[in-house]
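Now for the letters of each chain:
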Amino acid sequence: MRLGTWNVLHGAATATGPADVEGFADAVGGLDVDVLGLQEVDRAQPRSEGADLAAVAARAMGAVAHRFAPTLHGMPGDWVPAPDPVGEATGETGDPPPGSTPAYGIALLSRLPVIDWRVLPLPRLPRRVPLLVGAPRHLVWVQDEPRTAVAARVAGPHGPVTVVTTHLSFIPGWNLVQLRHLARAVRGDGPVVVTGDLNLGARRARVASGLHGLVTGQTFPAEAPRRQIDHLLGRGVVASAPRVHHPPLSDHRALSATVVPEG
């Protein structure tokens, strides 16, 4: 099965630019993967034309099943944590279900049958923490948003593989705590691939998770990438045909690889 991951920046080309929902759909279709993890996904947000981006992506890639896990409700500047994140199967048209609360989160989509789904909330810092940012460096106090993961046991042509997607904290050290927690949560799941924007370099991601890197390539920032913070990490699988994609949207590049269970 072909797996991919992409931080989509709510379907926009830049952080301050407007979303392009039609262009987003074309970009997702162009990845041509069987299972896709998406991060920074909007639902019913004015900045992304009020669309259900998980449903838009599912339709574009021909997914038979997908889940959107909101981590924040409301709109930018007025976010509130989503209560008890759950994986929601959303509409098929790209329009949010009637009465949907504006939301933001992650999504996992599959055009192969899914045996079961899980949503795995990740540890969250309960308070603001100091962080050095910018050039010249200066100290700011930041509050991280809730983080979660969505896992699907996918019925692949060579046997089931558990595929997980997540978007970890930007706070150094805390993303390691979250990744270790996630790795423990899927330890008994047989062949596993963790996808997502981990906000970690390749070596630290491999060491913290105990998983193997399946794709090597710089992913951020998209126009002139200097770091790899987006990953496909696996255990019990063999990977081939790794690729770094440069879609026309987002500030991240996308990754994909073909995987089969070992043996």
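Preceding block: the structure.
Looking at this structure, how should I read the overall build of the protein chain?
On a plain count of helices and strands, the protein chain comes out with 4 helices and 15 strands. Relative to a compact globule of 263 residues, whose C-alpha radius of gyration would be 18 Å, the protein chain shows 17 Å and is just as compact. Dimensions along the principal axes, computed over C-alpha positions, put the protein chain at roughly 50 × 40 × 35 Å. Split into buried and exposed, the 263 residues of the protein chain put 53% on the buried side. Long-range pairs, those at least 24 residues apart, make up 72% of the contacts in the protein chain between residues at least 6 apart in sequence. When the accessible surface of the protein chain is summed, it comes to about 11,200 Å², and 54% of that surface belongs to carbon and sulfur atoms. Treating the 24 positive side-chain charges of the protein chain as one cloud and the 23 negative ones as another, the clouds have centres 12 Å apart.

How do you make sense of the sheet that holds strand β9 (residues 148-156) when you look at a structure like this?
The pairing of strands in a sheet happens through backbone hydrogen bonds and is either parallel or antiparallel. Spatially, 6 strands are ordered β6-β9-β10-β11-β13-β12 in an open sheet, and the strand pairing comes out mixed. If you trace the sheet from one side to the other, it starts and ends with β6 (114-121) and β12 (212-213), each paired once. Both β6 and β9 contribute to a ladder of 7 bridges, which runs antiparallel. Each residue of the ladder has a partner; that of Val114, found in β9, is Val154. Contacting β6, β9, β10 (159-167) and β11 (192-197), helix α3 (residues 174-185) crosses the sheet at an angle of about 145° to β6. Its contacts with the sheet put helix α4 (residues 202-209) on β12 and β13 (230-235), and the angle it makes with β13 is roughly 35°.

Would you mind going over unusual backbone geometry with me for this structure?
Most peptide bonds adopt trans geometry, and most residues besides glycine take a negative phi value. The peptide bond linking Ala135 to Pro136 adopts the cis configuration, its omega dihedral lying at 0°. Its place among the elements puts Pro136 in the loop between β7 (129-133) and β8 (138-142). With an omega dihedral of -10°, the bond running from Phe220 to Pro221 counts as a cis peptide bond. Unusually for a residue other than glycine, Ala44 sits at a positive phi of about 60°. Of note, Ala44 is situated in the loop between β2 (35-43) and α2 (53-61).

I tried to follow the nonpolar core on my own but got confused; where do I start?
Taken as a class, soluble globular proteins show a tendency for nonpolar side chains to be buried jointly. Among the nonpolar cores identified, the biggest contains 25 residues, and Trp6, Phe24, Val28, Leu36, Leu38, Val41 and Leu109 are the most heavily contacted of them. Within the residue set of this core, elements represented by two or more residues are α1 (21-31), β2, α2 and β5 (103-110). Within the second largest apolar cluster, 22 residues are counted, among which are Val35, Leu112, Val193 and Val259.

Explanation requested: the environment of Arg253 in the structure shown.
When you line up the elements, Arg253 lands in the loop between β14 (237-245) and β15 (254-261). Spatially, the C-alpha atom of Arg253 lies 28 Å from that of His138, the residues being 115 residues apart in sequence. There is a polar contact of 2.8 Å between the side chain of Arg253 and the backbone oxygen of Ala222. Of the polar contacts made by the side chain of Arg253, one reaches the side chain of His246; its length is 3.5 Å.

I'm lost on the packing of aromatic side chains in this one. Help?
Centre-to-centre distance and the angle between the planes together describe a pair of aromatic rings. Inspection of every chain in the model, using the stated rule, returns 2 aromatic pairs. Each ring, one from Trp6 and one from Phe24, has its centre 6.1 Å from the other, and the planes form 25°; the classification is stacked. In this pair, Trp6 is assigned in strand β1 (residues 2-7) and Phe24 in helix α1, connecting sequence segments 18 residues apart. Assigned by exposure class, Trp6 and Phe24 land together as buried. Both rings, one in Trp79 and one in Tyr104, keep their centres 5.2 Å apart while their planes meet at 40°; by these two values the pair is tilted. Note that Trp79 is positioned in the loop between β3 (65-73) and β4 (80-81) and Tyr104 in strand β5, a separation of 25 residues in sequence. A residue is classified by how much of its surface remains accessible, and Tyr104, at 9% relative accessible area, is buried.

Explain the environment of Ala205 here, please?
Mapped onto the fold, Ala205 is located in helix α4. Among the residues examined, Ala205 registers a relative accessible area of 0% and is labelled buried. Linking Ala205 and Thr166, residues 39 residues apart in sequence, is a C-alpha distance of 13 Å. Once you skip the residues sitting within four places of it in the chain, Ala205 turns out to touch Leu179, Leu198, Leu200, His231 and Leu233.

How do you make sense of the packing of α1 against α2 when you look at a structure like this?
The description of two packed helices rests on the angle between their axes and on the distance between the axes. One way to put it is that α1 packs onto α2 with a least axis distance of 8 Å and a crossing angle of 45°. Between α1 and α2, the interaxial angle falls into the category oblique. Two packed elements cross with a definite hand, and for α1 against α2 that hand is right-handed. Of α2, the residues touching α1 (which contributes Val21, Phe24, Ala25, Val28 and Gly29) are Leu53, Val56, Ala57, Ala60 and Met61. For the contact of α1 with α2, the per-class residue count stands at 9 nonpolar, 1 polar and no charged.

Thresholds, definitions, all that
Residues numbered from 1 in each chain as written. Predicted model: local features only at pLDDT ≥ 70, side-chain atom pairs only at ≥ 80, totals over all residues. Heavy atoms only, no water. Helix = DSSP H or I, 4+ residues; strand = E, 2+ residues; numbered from the N terminus. Rg over C-alpha atoms; globule rule 2.2 N^0.38 Å. Buried < 20%, exposed > 50% of the residue type's maximum accessible area, 1.4 Å probe, protein only. Contact = heavy atoms within 4.5 Å. Areas by Shrake-Rupley, 256 points an atom, 1.4 Å probe, with all protein chains shown as cover. Lys, Arg positive; Asp, Glu negative; His and termini not counted. Charge placed at Lys NZ, Arg CZ, Asp CG, Glu CD. Pairing = 2+ DSSP bridges. Axes fitted to C-alpha atoms, helices over the stretch in contact; angles between N-to-C directions. Core = buried A, V, L, I, M, F, W, Y, C linked by side-chain atoms within 4.5 Å. Polar contact = N/O pair within 3.5 Å; in protein donor to acceptor, adjacent residues only side chain to side chain. Phe/Tyr/Trp six-rings, centres within 6.5 Å; stacked < 30°, edge-to-face > 60°. Parallel < 35°, antiparallel > 145°, perpendicular 65-115°, else oblique. Left-handed = near helix turned anticlockwise from the far one by under 90°. Nonpolar A, V, L, I, M, F, W, Y, C, P; charged D, E, K, R; others polar.

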